[in-house]
Amino acid sequence: MTQTLKARAPHLPGEAGVWVFILGDMAMFAALFITFVYYRRADVAGFVHSQHALNQQLGALNTFFMLTSSWCVALAVHAARAGLARRAQGWLLAGMACAVSFVVVKFFEYSEKIAAGITLTSNDFFMYYYMLTGLHLLHVLLGLGVLSYLWRSLCAPAGHSTLRTLESGACFWHMVDILWIVLFALLYMLR
Amino acid sequence: MNTRNELLCIWSAVIFVVIFTLGLWPLANFLPPHLPTAGAEEIATLYQDRTWQIRLGLFLMMGCSGLICAFVAAITVAIKRMEKSAGVLTYAQLSAGTCGAVFLIVPCLVWTAAAFRPERSAELTLLLNDLGWILLFMPFTTFVVQNIAIGLAVLGDRGEPPVLPRWVGFFNLWVAVLFIPGGLLTFFKTGPFAWSGLFVYWVPLVVFLSWYLVMFVMLRQAAIKHGSTA
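Residue positions are given per chain, counting from 1 as you read along its sequence in written order. Just so you know, chain letters begin at A and ligand numbers begin at 1, following the order they were written in. Reporting in this predicted model follows two pLDDT cut-offs: at least 70 for local features of residues, and 80 or more for side-chain atom pairs to be given and counted; totals over whole chains, interfaces and linings ignore these cut-offs and use all residues.

A. Up close: the overall build of chain A. A run of DSSP states H or I qualifies as a helix once it reaches four residues; a run of E qualifies as a strand once it reaches two. Both are numbered from the N-terminal end. From N to C terminus, chain A includes seven helices and zero strands. Mapped in sequence order, the helices and strands of chain A form the string α-α-α-α-α-α-α. Counting only C-alpha atoms and orienting by the principal axes, one finds that chain A spans roughly 60 × 30 × 20 Å. We call a residue exposed when 12 or fewer other C-beta atoms sit within 10 Å of its C-beta, buried when the count reaches 20 or more, and partly exposed for counts in between; the C-beta positions come from the backbone. Sorting the 191 residues of chain A into buried and exposed places 32% on the buried side. Contact between two residues is assigned when their C-beta atoms, built from the backbone, lie within 7 Å. Excluding contacts between residues fewer than 6 apart, the proportion of contacts in chain A whose partners are at least 24 apart in sequence is 79%.

B. Seen up close, the overall build of chain B. Scanning chain B from terminus to terminus reveals nine helices and zero strands. Starting at the N terminus, the α and β elements of chain B follow one another as α-α-α-α-α-α-α-α-α. Our radius of gyration looks at C-alpha atoms and nothing else; its globule reference is 2.2 Å times the residue count to the power 0.38. Relative to its length of 230 residues, chain B is compact, with a C-alpha radius of gyration of 19 Å against a globular reference of 17 Å. For chain B, the spread of C-alpha atoms along the principal axes amounts to about 60 × 35 × 25 Å. When burial is assessed residue by residue, chain B has 45% of its 230 residues classed as buried. Residue pairs at least 24 apart in sequence account for 75% of intrachain contacts in chain B once pairs closer than 6 positions are excluded.

C. Spotlight on the environment of histidine 136 of chain A. All names here are of chain A. For histidine 136, the position within the fold is in helix H6 (residues 124-153). In this structure, the C-alpha to C-alpha distance between histidine 136 and histidine 52, residues 84 residues apart in sequence, is 21 Å. When sequence neighbours within four positions are dropped, the list of residues in contact with histidine 136 reads Leu179, Trp180 and Leu183.

D. View of the interface of chain A and chain B. Across the contact, 16 residues belong to chain A and 14 residues belong to chain B. Going through the elements one at a time, helix H2 (18-42) and H6 of chain A are the ones with two or more residues in the side of chain A that touches chain B. Counting residues per element, the side of chain A that touches chain B draws most heavily on H2 of chain A, at eight residues. Ten residue types, Ala, Val, Leu, Ile, Met, Phe, Trp, Tyr, Cys and Pro, are classed as nonpolar, four, Asp, Glu, Lys and Arg, as charged, and the remainder, Gly among them, as polar. When grouped by side-chain class, the residues that make up the side of chain A that touches chain B number nine nonpolar, four polar and three charged.

E. Summary view of helix H9 (residues 198-229) of chain B. Residue and element names in this part refer to chain B. An expected span of 1.5 Å times one less than the residue number is assigned to each helix. Here H9 spans 44 Å end to end across 32 residues, near enough to the 46 Å set by a 1.5 Å rise per residue. At proline 204, H9 shows its strongest bend, of approximately 30°. The complete set of buried residues in H9 reads Phe199, Val200, Tyr201, Pro204, Trp211, Met215, Leu219, Ala222 and Ala223. Those residues of H9 that are buried are in contact with helix H1 (3-27), helix H4 (67-82), helix H6 (122-137) and helix H8 (166-179). One fitted axis covers the seven residues ending at a residue, a second covers the seven starting there, and the bend at that residue is the angle between these axes.

F. Spotlight on unusual backbone geometry. All names here are of chain B. Of the consecutive residues leucine 31 and proline 32, the connecting peptide bond is found in the cis state with omega at 0°. Along the chain, proline 32 falls in the loop between H1 and helix H2 (40-49). In this model, glutamate 160 is joined to proline 161 through a cis peptide bond whose omega is -5°. Even without glycine at this site, asparagine 29 takes up a positive phi of about 60°. With respect to the element layout, asparagine 29 can be found in the loop between H1 and H2.

G. Local environment of helix H5 (residues 85-115) of chain A. All names here are of chain A. Over its 31 residues, H5 runs 45 Å from end to end, which matches the ideal 45 Å to within 8%, given 1.5 Å per residue. Every buried residue of H5 is accounted for by Ala88, Trp91, Leu92, Gly95, Met96, Cys98, Ala99 and Phe102. Looking at the buried side of H5, the elements it contacts are helix H4 (56-81) and H6.

H. Here's a closer look at the nonpolar core. Joined through C-beta atoms within 7 Å, a set of buried Ala, Val, Leu, Ile, Met, Phe, Trp, Tyr and Cys residues constitutes a nonpolar core. Grouped together as the largest cluster of nonpolar side chains are 120 residues, with contacts concentrated most on Ala76, Leu92 and Leu132 of chain A together with Phe71, Ile75 and Ala78 of chain B. Looking at which element gives the most residues to this core, the answer is H6 of chain A, with twelve residues. Beyond its immediate chain neighbours, meaning those up to four positions away, leucine 132 of chain A contacts Leu32, Phe36, Leu183 and Leu187 of chain A.

I. Local environment of the confidence of the model for chain B. All names here are of chain B. pLDDT is a residue-level measure of predictor confidence that goes from 0 to 100. On average, residues of chain B score 96 in pLDDT, and 99% of them reach the 70 mark or higher. No element of chain B has a lower mean pLDDT than H9, which averages 94, and none a higher one than helix H3 (residues 51-65), which averages 98. Reported confidence for the predicted complex is 0.89 by ipTM and 0.93 by pTM.

J. Here's a closer look at the environment of arginine 191 of chain A. Looking at where arginine 191 of chain A falls in the secondary structure, it is placed in the segment after helix H7 (160-189). A C-alpha to C-alpha distance of 32 Å links arginine 191 of chain A and methionine 96 of chain A, two positions 95 residues apart in sequence.

K. Highlighting the packing of H6 of chain A against H7 of chain A. Residue and element names in this part refer to chain A. Every axis corresponds to a line fitted to the C-alpha atoms, with the helix fit spanning only the stretch in contact, and the corresponding angles, defined between N-to-C directions, vary from 0 to 180 degrees. Between H6 and H7, whose axes approach to 10 Å, the crossing angle comes to 160°. In terms of axis orientation, H6 runs roughly antiparallel to H7. Read as a crossing pair, H6 and H7 show a hand that is left-handed. Taking contact as the criterion, the partners of Tyr129, Leu132, Thr133, His136, His139, Val140, Gly143, Val146, Leu147, Tyr149, Leu150 and Ser153 in H6 are, on H7, Thr162, Thr165, Leu166, Gly169, Phe172, Trp173, Val176, Leu179, Trp180, Leu183 and Leu187. Per-class residue counts for the contact of H6 with H7 are 15 nonpolar, eight polar and no charged. Put simply, angles under 35 degrees are roughly parallel, angles over 145 are roughly antiparallel, angles from 65 to 115 are roughly perpendicular, and the rest are oblique. Put simply, a crossing is left-handed when the front helix is turned counterclockwise from the back one by less than a right angle, and right-handed when it is turned clockwise.

L. Examining the environment of isoleucine 10 of chain B more closely. All names here are of chain B. Structurally, isoleucine 10 is set in helix H1. Considering only alpha carbons, one finds isoleucine 10 and alanine 223, 213 residues apart in sequence, at a separation of 8.9 Å. Not counting chain neighbours up to four residues away, the residues in contact with isoleucine 10 comprise Phe71, Ala74, Phe216, Leu219, Arg220 and Ala223.

Encoded structure:
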């Protein structure tokens, strides 16, 4: 198989083009994070005070779902490389279940905030809270679409292109995971 | 297919970017943007002091925006080649791209109305000025649909070699994501998500103009290659 031969050479996971999207998207989030830190410096006390209103438990729960989901998708790629398409599909479904749980938790977290009268325009901290988590949530929803597409592509007889598509999608999903880790640290943890 | 006409449409992207920037920047001086927090008197004074430059700048911005339609036609032809015949993505890109041109022409006309009678009540000038900014920077929706249509068409191209390299598809999907924060200007008057902010004005504007240049280079190569093989 070409894949086993190629694996020995330096290997870029996924197709080269997908990295244009991933690096570009990470650049955008990096700009968002830098802007957040820049505005935070002007009002550290206010930001820390607002931060207390965040639900750390729900944030931590979502970190758990994100990491587990990423792990499941990594296992799916591993299974597909070994030619076990059914098992790969199973891991993808597990990853998608974690992603759906993430969205559900986010829904309750937002509802809790809105019920407490905290919205996008309450103050600068909550503007960033809603914008950063909202843009990230959009990526999670896009990622759910990507994962379902990968699940479908595994129904077809496995070939080199399927594996590469799987790797490309998995790289995107790991990016969504990494972004959440940074986001969680910045918004929920940073003192 | 007539390659010369196709190249003409492709070159219209460069002409558009040059004239639009000229009108926006040195003439109308809408770069950097007006602040959403500026008062009525302040905005009215801008229109009174630079009436002629603003009128001329907007005339050029409006006048070159029709070229977008020609460029959209060139993209449509390229997508048609990717889809082998005119499929849904061809039409999605064509209709979304055409709507996009409208949202460049209309704001210029609204600002022109403000510059038409700069002596009128400052509150009315402020209203027209607001309307122009909102019309230009909020409607991300058609641009997002257009970019996604291009992205999906490029990535779905099974031709060997493909009409456009695959990274152009991912680039378009990325651009689609970058336009979305523009819609949020409705909630803010200050900060990075206000219409004068980093993620509504600067990033989308730079991305929008550079998107034309990237697409110009790639479509030009593709058209020349297609012309020599057809």
